[in-house]
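Letter by letter, the chains look like this.
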Amino acid sequence: MELSSGRPLTLEPPLGARRRRWPGTHPYCDTDGVDRISGLPDDLLYQVLVRLRCARAAGRTSLLSRRWRGLWRHLPELSFREIAPGALDTALSQISRTELYLLDINVPNHHRYSAAGVASLLRAAARLAPVVLRLVVCGDIYDRDIPVEVPIFHRATSIELDAHNLYLTPPVQGCEFPVLERLSISGCHFDNGFLVPQCPCLRVLELCHCWHLGIVMVHSATIEELVVSHNGWIGGIDIVAPALKKFTMSTYMGRDFNVSFFAPIVKDLSWRCLCDSRNVGIGDMWRLRELDLLMEQSVYNLDLTIEMPDIPPNADRDLMKQIAQLPKFSVLGLYLLTWGHVFGAMVLNLLGICTTIQSLKLVIEPLAATDEACPPNCPCDQLHDWRNQNISLKALEEVAIKNVEGSGHEVDFVKLLFRCAPLIKRMTVKLAPKVLPSNRGCKEICNIFKANPSVKCYLYSSRDERVVYA
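- The protein is annotated in an unreviewed UniProt entry as F-box domain-containing protein of Urochloa decumbens.

So, in C-alpha cells, the structure goes:
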C-alpha cells in the first residue's frame, strides 16, 4: 500500500517509540501471549536454523524459548567454526541425527590439533554419515609422523579434507567409499594409488599441496576431472583414465620424473612443470627450466623455457626422452634465455624429435645492457656443424621468431628453417627493441624472404611496430 505522496505505508512504530507489550508476555510473543514462531512445526524450525549456517548460532536459539532447546542437534546441515577442540568434540557427541546431509568443520590456526585429535574428528564425522563432508584444520599437525586411518563414509558423495602435515592411511583393504564422487585432499601425505581404487564412483579428484606424493597414480574407469597442485617434487604421473575430460597439474619435476598417460577423450589439459637447475638437460650445455603442456581446441601446445646456465648442468635426465613420453603436440613454443649464446644446434636437436609440429614459436630473451656477448670460439657454436644439417619438418606451416638481434647465427637459423620445412606458409620475424631495420642481419633476412615468394613473410620493428617487410 502507498500513500498519495508515493511513499510506501509501513506498519513500524516511529523511531524511538517503544513497542507496546502486555505485562507478562515474552518480547517475541504476540500481544495475546502466544509465541507464534515456537508454535511452528519442527520441519519449519529446522529450515529456519539451517539458514543460520552456523551450529553455534543455532544452539544459542535455545535462549528464545524452551521449545528451541536441542533442536540444533537434529539439523540435517551443521557447520562448526571458531570452536575450541574440547567444545567441538562435545558438540559432535551431542548430535542426535545420524544421517546428515552436510557436515562442515573449520578449525582455525590458533587451535592446534594432534594426529589423534584429527582421527577422533574423522571418526565422529563418520558416525554422523554425512553426504557432504568438509573438514579443514588450518594449524599444523604437531605429530605428523603418526598415521591416521581414514574411516569409511558410506553415504558421502563429496569429501574435502584439508589438514597440514597429516599422514593419512586408507581404510582396511576391501572397504570402499561406495558412492563417493568428489574427493579433495590438501596438505596431507597418503598413498593415492591405494586410495583411488576404493572409490568406484569417483568423478573428481583434487590433490593440493600434498607431501611425499611420489608418483601420482590414478587408474580409474570413472574419473572425469583430475587436479594436481604440488609445491614439491613428484616422481611422475601414471594415469589410466578412459573417462578423463579435464586434467590440471602444477608441480616440480623430480629427478626420476616419468610420464605414463592414457586418457583418450581428454579435452581440457594444462600441465606446468618446473625443474631443478640440474635436473633436465638438453645436450651438454643447455637445461630445461619449465615445461608447459596445454590443450586448446583439441590441439596440444608444448612450451619449453630453456636457458644456458653459468655452470654446465650435468643433468640427470635428457629432455629428449622426456618429450617422447608426452602426448603428441602440434604447436611448439621455445622461450630461450640464451645470454647471447648461439642456440641453433640446440633448437635443431629439439626439432629433430618434434618433426610433426605444425607451428613453431621462438622467443629469445633480449640481452640486457650488462650482459656480455658470446665469446669467440664458444662451444655453443661448435656443436655438430648444425648449419649444414637437414631434418624433415614436412608438417611445419607457420613460424614466429621474436627479439631477433640480426646476428649471423640467427640469419643462418632462418635459412635452415626454409630448407627443412618445404611446406611452410607463413614466417614472422620481430626485431629486438634496440635493433634497427638497417641492421645488416635484417637486410639478409629480407633477402631470404624475397627468395621464397610462395611464403607469406613479415618483418616487424619492435620500436614502433612498423612493418619492415611484408
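### Describing the pairing of strand β20 (residues 456–460)
Phase 1: The alternating pattern of β20 places Cys-457 and Leu-459 on a buried face and Lys-456, Tyr-458 and Tyr-460 on a face that is not buried.
Phase 2: Looking at chain direction, strand β19 (residues 426–431) and β20 are connected through 5 bridges and run parallel. In the strand pairing of β20, Thr-428 is matched with Tyr-458.
Phase 3: Where the polypeptide runs from β19 across helix α9 (residues 440–450) and back to β20, its parallel neighbour, the crossover connection is right-handed.
Phase 4: For β20 and strand β21 (residues 467–469), the ladder comprises 2 bridges, and the chain directions are antiparallel. In the strand pairing of β21, Tyr-460 is matched with Val-467.

### What about helix α7 (residues 344–351)?
Phase 1: Within α7, 7 of the 8 residues are buried, which leaves it mostly tucked inside the rest of the structure.
Phase 2: Buried within α7 we find Gly-344, Ala-345, Met-346, Val-347, Leu-348, Leu-350 and Leu-351.

### Overview of unusual backbone geometry
Trans peptide bonds make up most of the peptide bonds, and negative phi angles are found at most residues other than glycine.
Phase 1: For Ala-129, which is not a glycine, the phi torsion comes out positive at approximately 50°.
Phase 2: Here Ala-129 is to be found in the loop between α4 (115–128) and β3 (132–137).
Phase 3: The backbone of Trp-339 sits at a positive phi, close to 55°, despite the residue not being glycine.
Phase 4: In this structure, Trp-339 sits in the loop between β16 (331–337) and α7.
Phase 5: What makes Trp-339 partly exposed here is its relative accessible area of 32%.

### Some details on the pattern of salt bridges
Phase 1: Counted according to the given criterion, the structure contains 11 salt bridges.
Phase 2: Among the salt bridges present, the one from Arg-203 reaches Glu-181, with a minimum N-O distance of 3.4 Å. Of the two residues, Arg-203 sits in the loop between α5 (192–195) and β7 (204–208) while Glu-181 sits in the loop between β5 (158–169) and β6 (182–189), which places them 22 residues apart along the sequence.
Phase 3: Judged by its relative accessible area of 35%, Arg-203 falls in the partly exposed class.
Phase 4: We classify Glu-181 as partly exposed; its relative accessible area is 32%.
Phase 5: Its salt-bridge partner being Lys-425, residue Glu-397 comes within 3.9 Å of it at the nearest N-O pair. Linking Glu-397 in the loop between β17 (359–364) and β18 (398–404) with Lys-425 in the loop between α8 (408–420) and β19, this pair joins segments that are 28 residues apart in sequence.
Phase 6: Several salt bridges share partner residues, and in doing so they unite Arg-81, Asp-104 and Arg-134 into one network.

### Considering empty space enclosed by the protein
Phase 1: Under the definition given, this model contains 3 cavities of 30 Å³ or more.
Phase 2: Its boundaries defined by the atoms lining it, the largest cavity holds a volume of some 100 Å³.
Phase 3: Lining the largest cavity are 13 residues, and of these Val-150, Ile-159, Leu-161, Phe-177 and Leu-183 lie nearest its centre.
Phase 4: A total of 3 residues in the lining of the largest cavity trace back to one element, the largest contributor, which is β5.
Phase 5: Residues belonging to the lining of the largest cavity are distributed by class as follows: 13 nonpolar, no polar and no charged.
Phase 6: By volume, the second largest cavity is sized at about 50 Å³.
Phase 7: In terms of lining, the second largest cavity is formed by Met-253, Phe-257, Val-259, Trp-271, Cys-273, Leu-291, Gln-322 and Leu-326.
Phase 8: Ranked by the residues each element gives to the lining of the second largest cavity, the list is headed by strand β10 (residues 246–262), at 3 residues.
Phase 9: In terms of residue class, the lining of the second largest cavity is made up of 7 nonpolar, 1 polar and no charged.

### What about the pairing of β7?
Phase 1: Taken across its 5 residues, β7 has 5 buried, putting it largely inside the fold.
Phase 2: Covered by surrounding structure in β7 are Val-204, Glu-206 and Cys-208 together with Leu-205 and Leu-207, the residues of both alternating faces.
Phase 3: Of the pairings in the sheet, the one linking β7 to strand β9 (residues 225–240) comprises 5 bridges and is parallel in character. Residue pairing across strands places Glu-206 opposite Val-227, the latter belonging to β9.

About the criteria used
Residues numbered from 1 in each chain as written. Predicted model: local features only at pLDDT ≥ 70, side-chain atom pairs only at ≥ 80, totals over all residues. Heavy atoms only, no water. Buried < 20%, exposed > 50% of the residue type's maximum accessible area, 1.4 Å probe, protein only. Helix = DSSP H or I, 4+ residues; strand = E, 2+ residues; numbered from the N terminus. Pairing = 2+ DSSP bridges. Right-handed = clockwise from strand over helix to strand, strands pointing away. Salt bridge = Lys/Arg side-chain N within 4 Å of Asp/Glu carboxyl O. 1 Å grid on protein atoms, 1.4 Å probe; cavity = no way out; pocket = protein on both sides within 12 Å on 5 of 7 lines; lining within 4 Å. Points joined across faces, edges and corners; volume = space filled by probe spheres on them. Nonpolar A, V, L, I, M, F, W, Y, C, P; charged D, E, K, R; others polar.

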